[in-house]
Amino acid sequence: MFRKKNDAVAYVEGRGGALHGRVTFRQKIQGVLVTAEIYGLPVQSKKCGEGVFGFHIHEGVGCGGTEQDPFSESKGHYNPSNCPHPYHAGDLPPLFSDNGYAYLSVMTGRFSVEEIIGKTVIIHDHPDDFTTQPAGNSGRKMACGVIERLR
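Let me sum up the structure you'll find in this document. (Residues numbered from 1 in each chain as written. Predicted model: local features only at pLDDT ≥ 70, side-chain atom pairs only at ≥ 80, totals over all residues. Heavy atoms only, no water.)

### Observations concerning the nonpolar core
Then, in step 1: Among the nonpolar cores identified, the biggest contains 29 residues, and V23, F25, I38, F55 and I123 are the most heavily contacted of them.
Then, in step 2: Breaking this core down by element, the ones donating at least two residues are β1 (8–14), β2 (20–27), β3 (32–39), β5 (55–58), β7 (102–108), α1 (113–116), β8 (120–124) and β9 (141–146).
Then, in step 3: Top element by residues in this core is β3. It accounts for 4 residues. (Core = buried A, V, L, I, M, F, W, Y, C linked by side-chain atoms within 4.5 Å. Buried < 20%, exposed > 50% of the residue type's maximum accessible area, 1.4 Å probe, protein only. Helix = DSSP H or I, 4+ residues; strand = E, 2+ residues; numbered from the N terminus.)

Structure follows, in structure tokens:
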């Protein structure tokens, strides 16, 4: 696959390593193509209402944290224009899990790859409701990755 110097990647990982995956960011003329492939998402026995997870770019530059907030260094949603939720630049569609696996590919014009280098990608344990301020009531942060240039 041909890689451009302005492509980026985030390797996301949850605590313990079972939840992990890769998110790529490819600058296109129309915007940024965001592609996520995630493994080890929690699987519940409920038939309805489970398996949908919030997925956002956050403004923080690290994935460290505390016992109570494991990824607190990721801070809040990436929102350079100070827009209300769900119009933050970092608001992305949710991940839909199929038995713990999720694949997403979406084009967005809300940011360039250059603007998000060093920011973080977060997977939350609940779906984003696209209404509640400031972050869509998407629950706790389950996994995090720092966005870096592809080499």
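### Things to note about unusual backbone geometry
Then, in step 1: Backbone torsion omega between H85 and P86 reads 10°, so that peptide bond is classified as cis.
Then, in step 2: Mapping P86 onto the fold places it in the loop between β5 and β6 (95–96).
Then, in step 3: A cis amide bond links Q133 to the next residue, P134, at an omega of 0°.
Then, in step 4: Its location among the elements puts P134 in the loop between β8 and β9.

### Focus: the pairing of β1
Then, in step 1: Counted residue by residue, β1 has 5 buried out of 7 residues, so it is predominantly covered.
Then, in step 2: Two strands pair when backbone bridges link them, and β1 and β2 are joined in this way by 6 bridges, in the antiparallel orientation. Across the sheet, V12 pairs through a bridge with G21, a residue of β2.
Then, in step 3: The loop that links β1 with its antiparallel partner β2 comprises 5 residues; one of these, G16, has a positive phi angle of about 95°.
Then, in step 4: With 2 bridges joining them, β1 and strand β10 (residues 148–149) adopt antiparallel strand pairing. What sits directly across from A8, in β10, is R149. (Pairing = 2+ DSSP bridges.)

### A word on the state of the cysteines
Then, in step 1: Following the criterion strictly, the structure yields 1 disulfide and no others.
Then, in step 2: For C63, the disulfide goes to C144, at an S-S distance of 2.0 Å. An S-S torsion of about -70° defines the bridge between C63 and C144 as left-handed. Taken together, the positions of C63 in the loop between β5 and β6 and C144 in strand β9 put the pair 81 residues apart, joining distant regions of the chain. (Disulfide = S-S within 2.5 Å.)

### Comments concerning the side chain of Q27
Then, in step 1: Here Q27 lies in strand β2.
Then, in step 2: From its side chain, Q27 meets the backbone oxygen of G31 in a polar contact 3.3 Å long.
Then, in step 3: In this structure the side chain of Q27 is engaged in a polar contact, spanning 2.8 Å, whose partner is the backbone nitrogen of V113. (Polar contact = N/O pair within 3.5 Å; in protein donor to acceptor, adjacent residues only side chain to side chain.)

### What about the packing of aromatic side chains?
Then, in step 1: Per the stated rule, a full pass over the model turns up 1 aromatic pair.
Then, in step 2: Geometrically, the ring pair formed by Y39 and Y101 is tilted, given 5.2 Å between the ring centres and 50° between the ring planes. Taken as a pair, Y39 in strand β3 and Y101 in the loop between β6 and β7 lie far apart in primary sequence, 62 residues in all.
Then, in step 3: Accessibility expressed as a relative area gives 35% for Y39, which makes it partly exposed.
Then, in step 4: Classification of Y101 as partly exposed rests on a relative accessible area of 29%. (Phe/Tyr/Trp six-rings, centres within 6.5 Å; stacked < 30°, edge-to-face > 60°.)

### With respect to the pattern of salt bridges
Then, in step 1: For the structure on display, the rule yields 3 salt bridges.
Then, in step 2: R149 is the salt-bridge partner of E114, the closest N and O atoms lying 2.7 Å from each other. Highlighted residues: E114 in helix α1 and R149 in strand β10, separated in sequence by 35 residues.
Then, in step 3: Across the pair R140 and D125 runs a salt bridge whose closest N-O atoms are separated by 3.4 Å. Here R140, found in the loop between β8 and β9, pairs with D125, found in the loop between β8 and β9; they are 15 residues apart in sequence, far enough to count as distant.
Then, in step 4: D125 sits in the partly exposed class, given a relative accessible area of 21%. (Salt bridge = Lys/Arg side-chain N within 4 Å of Asp/Glu carboxyl O.)

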